[in-house]
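Single-letter residue listing:
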Amino acid sequence: MHETALMENLIRIAEKAIKNHPVKQVTAIRLSVGKLANVMIDALEFAYDAYPKSDPFKGAKLIICETPILAKCETCGKEYPVKQFPFVCPVCQSRYYTILQGDDIYIESLDYET
Amino acid sequence: MENLKIEEDIFSLNNQAAQKNRDTFQQHGVFVINIMGSPGAGKTTLLEHILPQLKQSHRIAVIEGDLATENDACRIRQTGVPAVQINTGGGCHLDATMIAAQFSKLHPDKLDLLIIENVGNLVCPISFDLGEDLRMVILSIPEGEDKPLKYPSAILGTDAVVLTKTDLAPFVDVNPKTMANHSMTIHPKVTVLYAGKEGNVYNAAGVIAYIRDKMEAKKQSNKV
């Protein structure tokens, strides 16, 4: 996965978000990364550090929280955590599921000083 | 210190562009398929063999994606179907903005079906919605029975898996059924299709029928 390109997205989204706020300095950006999101956290951190940032993002830390995978059984509705394939419902043993959480990368929030 | 909630998907910019594409395709009545797979899995070969039949009943165009060369677009044009080539340079996937730029060059009012052959890659393309109706991931038999287990996101993120080069199974000691079962271990609802040579004839009848069914199903649901 092209973690550098993701950093470009991250900064663009953050820039849009701070537009009407009195931001002097961004101190941290909080990202949640799902375990099924197809990225390596180390690579994301490396790409973030290497990505050239201008004010007010210079010096902002990237704080990454890994999101566990949560599935919902399509047969009985049970929500259950999963660690590896196959995903099997602990209640009815059905293999049909939807992913509720853990397959995306979300920019949760940022911390800033005014 | 203040905290500002953002709560936005890192792919939101592409997702918005993809939704715009979706609306455009819908307006023009074009069904769109995003074909992904490993480099060398046989994506272009599959298209070379299904386009001659599909073009008898549908007006088709193809967008090809590769890092370099026009080779694949040229191969598609040999079948009589118009094709445009995107060269990404170093880019490992196509995105919605690239597709939007090419679509306008393809006479959208004269199209029923757009096929996008993505850059050969089983990781990155999956994360990029292009605005398509249908996704197909192509895996070739020689890549090994456990390929689906090694690339779960690709299997999870697709509607169908096409196992190509089935004729090579005996030479590489791979059981296509096992590969199919592994795909369904990851994604129980995925449709598994096969393509390969039988004698001298390339058989992709299952793929053609599947595409036709999906296009018909969309047509029916649009009428409701």
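Above: the structure in question.
**Here we look at the overall build of chain B**
- Counting secondary structure elements, chain B contains nine helices and 10 strands.
- Here chain B has a C-alpha radius of gyration of 18 Å; the compact-globule value for 224 residues is 17 Å, and the two agree.
- By its C-alpha atoms, chain B is 65 × 50 × 40 Å across when sized along the principal axes.
- With 224 residues in all, chain B has 54% of them scored as buried.
- Contacts in chain B between residues far apart in sequence, at least 24 positions, make up 71% of those at least 6 positions apart.
- Carbon and sulfur atoms make up 51% of the accessible area of chain B, which amounts to about 9,800 Å² in all.
- Across chain B, the mean location of the 22 positive side-chain charges is 5 Å away from that of the 26 negative side-chain charges.

**Considering the overall build of chain A**
- Helices and strands together make up the secondary structure of chain A, namely two helices and six strands.
- Starting at the N terminus, the α and β elements of chain A follow one another as α-β-α-β-β-β-β-β.
- Taking 114 residues into account, the globule formula puts the C-alpha radius of gyration at 13 Å, and chain A, at 18 Å, lies well above it.
- Overall size of chain A, expressed as C-alpha extent along the three principal axes, is 55 × 25 × 15 Å.
- Across the 114 residues that make up chain A, the buried fraction comes to 42%.
- Accessible area for chain A stands at about 6,300 Å²; split by element, carbon and sulfur atoms hold 49% of it.

**Structural notes on the interface of chain A and chain B**
- Contacts between chain A and chain B engage 33 residues on the former and 27 residues on the latter.
- Of the roughly 2,800 Å² buried at the junction of chain A and chain B (both faces included), carbon and sulfur atoms supply 65%.
- Taken together, chain A and chain B are joined by one salt bridge.
- Notably, a salt bridge pairs E74(A) with K189(B), separated by 2.4 Å at the nearest N-O pair.
- Applying the counting criterion to the chain A and chain B interface returns 15 residue pairs in polar contact (both at pLDDT 80 or more).
- Among the secondary structure elements, those contributing two or more residues to the side of chain A that touches chain B are helix 1 (3–17), strand 1 (25–34) and strand 6 (105–113) of chain A.

**A look at the sheet that holds strand 4 (residues 83–87) of chain B**
Residues and elements named next belong to chain B.
- Within the open sheet, the seven strands sit side by side as 4-3-5-2-6-7-8. Their pairing is parallel. Taken across any chain shown, the strands that pair with only one partner, and hence form the sheet edges, are strand 4 and strand 8 (191–194). Neighbour-to-neighbour, the strand axes of the sheet open up by a mean angle of 20°, direction not taken into account.
- Here strand 2 (residues 31–37) runs beside strand 6 (residues 134–140); their pairing, made up of five bridges, is parallel.

**A short note on the sheet that holds strand 2 (residues 61–67) of chain A**
- Here four strands make up an open sheet; going across it, the order is 2(A)-1(A)-6(A)-1(B) and the pairing mixed. Sheet topology places strand 2 of chain A together with strand 1 (2–9) of chain B at the edges, where each strand pairs with a single neighbour. Mean inter-strand twist for the sheet, computed between neighbouring axes without regard to direction, equals 20°.
- When strand 6 of chain A meets strand 1 of chain B, the two strands line up antiparallel, connected through six bridges. If you follow I107(A) over to strand 1 of chain B, its bridge partner there is E8(B).

**Some details on the environment of P148(B)**
Residues and elements named next belong to chain B.
- Structurally, P148 can be placed in helix 5 (residues 147–150).
- In this structure, the C-alpha to C-alpha distance between P148 and I138, residues 10 residues apart in sequence, is 11 Å.
- Other than its neighbours up to four places away in sequence, P148 contacts L139, I155, M179, H182, S183 and I186.

Rules behind the numbers
- Residues numbered from 1 in each chain as written.
- Chains lettered and ligands numbered in written order.
- Predicted model: local features only at pLDDT ≥ 70, side-chain atom pairs only at ≥ 80, totals over all residues.
- Heavy atoms only, no water.
- Helix = DSSP H or I, 4+ residues; strand = E, 2+ residues; numbered from the N terminus.
- Rg over C-alpha atoms; globule rule 2.2 N^0.38 Å.
- Buried < 20%, exposed > 50% of the residue type's maximum accessible area, 1.4 Å probe, protein only.
- Contact = heavy atoms within 4.5 Å.
- Areas by Shrake-Rupley, 256 points an atom, 1.4 Å probe, with all protein chains shown as cover.
- Lys, Arg positive; Asp, Glu negative; His and termini not counted.
- Charge placed at Lys NZ, Arg CZ, Asp CG, Glu CD.
- Buried area = accessible area lost by both parts, 1.4 Å probe.
- Salt bridge = Lys/Arg side-chain N within 4 Å of Asp/Glu carboxyl O.
- Polar contact = N/O pair within 3.5 Å; in protein donor to acceptor, adjacent residues only side chain to side chain.
- Pairing = 2+ DSSP bridges.
- Axes fitted to C-alpha atoms, helices over the stretch in contact; angles between N-to-C directions.

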